[in-house]
Amino acid sequence: MPKATSDKFSRAHQPAVKKKDAQSSSSMTNPIFNTARFGQHILKNPATAQKIVDAANLKPTDKVMEVGPGTGNLTVKILEKAKHVTAIEMDPRMAAEVIKRVQGTPEQRKLEVVIGDFVKVDMPYFEVCISNTPYQISSPLVFRLLSHRPLFRVAILMFQREFAQRLVARPGTDMWSRLSANVQLYAKVDNIINVARNDFRPPPKVESSVVRLVPIDPPPPVKFEEFDGMNRIIFSRPNKTVRGNFQAKGVMKMLEQNRSTWLSLQEMPVDDDRPINTIVDDVLAELGYTENRAAKMDIDDLLKMLAAFHEAGIHFS
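Note that the coordinates shown come from a computational prediction; the quantities given were computed from them, not determined experimentally. (Residues numbered from 1 in each chain as written. Predicted model: local features only at pLDDT ≥ 70, side-chain atom pairs only at ≥ 80, totals over all residues. Heavy atoms only, no water.)

## Re the overall build of the protein
Heads up, the rule is: The secondary structure listing takes helices from DSSP runs of H or I that are at least 4 residues long and strands from runs of E that are at least 2 residues long, numbered from the N terminus. Residue exposure (1.4 Å probe, protein chains only): buried if accessible area is under 20% of the type maximum, exposed if over 50%, otherwise partly exposed. We call two residues in contact when some of their heavy atoms are within 4.5 Å.
Within the protein, the secondary structure is distributed over 12 helices and 10 strands. Here the protein holds 317 residues, and the buried ones make up 48% of them. Long-range contacts, defined here as pairs at least 24 residues apart, represent 71% of the contacts in the protein between residues at least 6 apart.

Have a look at this one:
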């Protein structure tokens, strides 16, 4: 029998549904499983499912983590190629359906189903991740994967198309964002498949895309909280100048507090009596970034700026 384990049940990602909305959408929900409850849409097109599995280039020795298996349409295809699959599913009824589909087959010993919220459960060891992602956990899923150790080989992930476009966006394009920069610092991301709404049951209101995410190995020696903290400031209004974003309300006060804390932890005296805004302006001027805009800055530009701020004793977390 495939194993089924259960973590603490959570509705942390369950969207609130108004009464009239629930009534109006009742005809769109899965007639067997209340997929809307968990933000899931079951992939029903076998050709699309096969393309997703093929994109992973699975080896017979691979251990795969699948997030959001639904009723198992992807799972059974993964089991044909991989050594072992750990499927993490929030809905106990869907988990039971996945287990039922492999009972009495050679694949049943290769499957373990974990019932719980992916954001909270312990991740298994895996080389490959495949996910028809519940859209409301898209960002937590990506960053949880990128922070996982040891590094996996590849992830094949289904997302809402707009989210996928932001993941793969390049500097200077409309979709380049804090999300783009944060993810591309740690991984190579490519859009590989566009998926039609009618490939799902029920059909979602938005288009979907599948991306391939390959972690950079070894990962760059950059503290994510620092990189993201700086990006949070400069991407708040990406088409405004970097200097203008640093002048936003509360930013200088936060940086002054961070600098004082960092100097204290390093047991270093405050030997620079310049106001914090002057220090920031000087760093940007020395880099030639005063009039730059985050919308057009690439990863190298951002890392160079972060290093210059650290050199001046300015930190972002």
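## Notes on the layout of surface pockets
Threshold: Within this scheme a cavity is a closed region of a 1 Å grid, computed over the protein atoms alone, that accommodates a 1.4 Å probe without allowing it to escape, whereas a pocket is open but has protein on both sides within 12 Å along at least five of seven lines; lining residues each have an atom within 4 Å of a point. Grid points are joined across faces, edges and corners, and a volume is the space filled by probe spheres set on the points. Polar here means any residue other than Ala, Val, Leu, Ile, Met, Phe, Trp, Tyr, Cys and Pro, which are nonpolar, and Asp, Glu, Lys and Arg, which are charged; Gly is therefore polar.
The volume enclosed by the second largest pocket comes to roughly 150 Å³. If you go around the second largest pocket, the residues you meet are Phe143, Leu146, Ser147, Arg149, Tyr186, Pro219, Val222 and Phe224. For the lining of the second largest pocket, the element with the most residues is helix H5 (residues 138-147), which contributes three residues. Each residue belonging to the lining of the second largest pocket can be placed in one class, and the counts come to six nonpolar, one polar and one charged.

## Concerning helix H7 (residues 178-186)
For H7, the buried fraction is high: eight of the nine residues fall into the buried class. Taken together, the buried positions of H7 are occupied by Leu179, Ser180, Ala181, Asn182, Val183, Gln184, Leu185 and Tyr186. Close packing links the buried residues of H7 with H5, helix H6 (161-168), strand S8 (187-195), strand S10 (208-215), helix H8 (224-234) and helix H12 (299-311).

## What to know about unusual backbone geometry
In this model, Arg149 is joined to Pro150 through a cis peptide bond whose omega is 0°. Looking at the secondary structure, you find Pro150 in the loop between H5 and strand S7 (154-160).

## Let's talk about empty space enclosed by the protein
All told, the structure shown has four cavities of 30 Å³ or more when counted by the stated rule. Of the voids in this model, the second largest cavity is the one considered here, and its volume is about 90 Å³. Among the residues making up the lining of the second largest cavity, the classes are represented as four nonpolar, eight polar and one charged.

## Observations concerning the UniProt feature "binding site: S-adenosyl-L-methionine" (unreviewed entry) in the protein
Rules: UniProt positions are given in the numbering used here, feature names are shortened, and annotations may be inferred rather than shown by experiment.
The sites that UniProt annotates as "binding site: S-adenosyl-L-methionine" (unreviewed entry) are His41, Leu43, Gly68, Glu89, Asp117 and Asn132. Within this annotated set, the second largest cavity is lined by His41, Leu43, Gly68 and Asn132. In this fold, His41 is placed in the loop between helix H1 (19-24) and strand S2 (42-43). Judged by relative accessible area, which is 22%, His41 ranks as partly exposed. The contact partners of His41, leaving out residues within four places of it in the chain, are Asn132, Phe200, Arg201, Pro202, Pro203 and Pro204. In this structure, Asp117 sits in the loop between strand S5 (111-115) and strand S6 (128-132).

## Regarding the side chain of Asn231
For Asn231, the position within the fold is in helix H8. With near-sequence residues (within four places) excluded, Asn231 lies in contact with Arg178, Ala181, Asn182, Ser236 and Leu302.

## Thoughts on the pattern of salt bridges
Operational definition: Counted as salt bridges are all cases of a side-chain nitrogen of Lys or Arg within 4 Å of a carboxyl oxygen of Asp or Glu.
Under the definition given, this model contains 10 salt bridges. The salt bridge partner of Arg153 is Asp62, with a shortest N-O separation of 2.7 Å. Of this pair, Arg153 sits in the loop between H5 and S7 while Asp62 sits in the loop between helix H2 (46-55) and strand S3 (63-67), and the two are 91 residues apart along the sequence. The residue Lys188 makes a salt bridge to Asp190 at a minimum N-O spacing of 2.8 Å. Judged by its relative accessible area of 51%, Lys188 is exposed. By sharing partners, the salt bridges in this structure join Arg161, Arg197 and Glu207 into a single network.

## Section: the nonpolar core
To keep it simple, the criterion reads: Put simply, a nonpolar core is a bunch of buried Ala, Val, Leu, Ile, Met, Phe, Trp, Tyr and Cys residues held in one set by side-chain atoms that sit within 4.5 Å of each other.
Among the nonpolar cores identified, the biggest contains 60 residues, and Leu145, Leu213, Phe246, Met305 and Phe309 are the most heavily contacted of them. If near-sequence neighbours (up to four positions away) are discounted, Phe246 is found in contact with Ile233, Ile234, Val251, Met252, Leu255, Val280, Leu284, Phe309 and Phe316. Within the second largest apolar cluster, 31 residues are counted, among which are Leu74, Leu79, Val85 and Val210.

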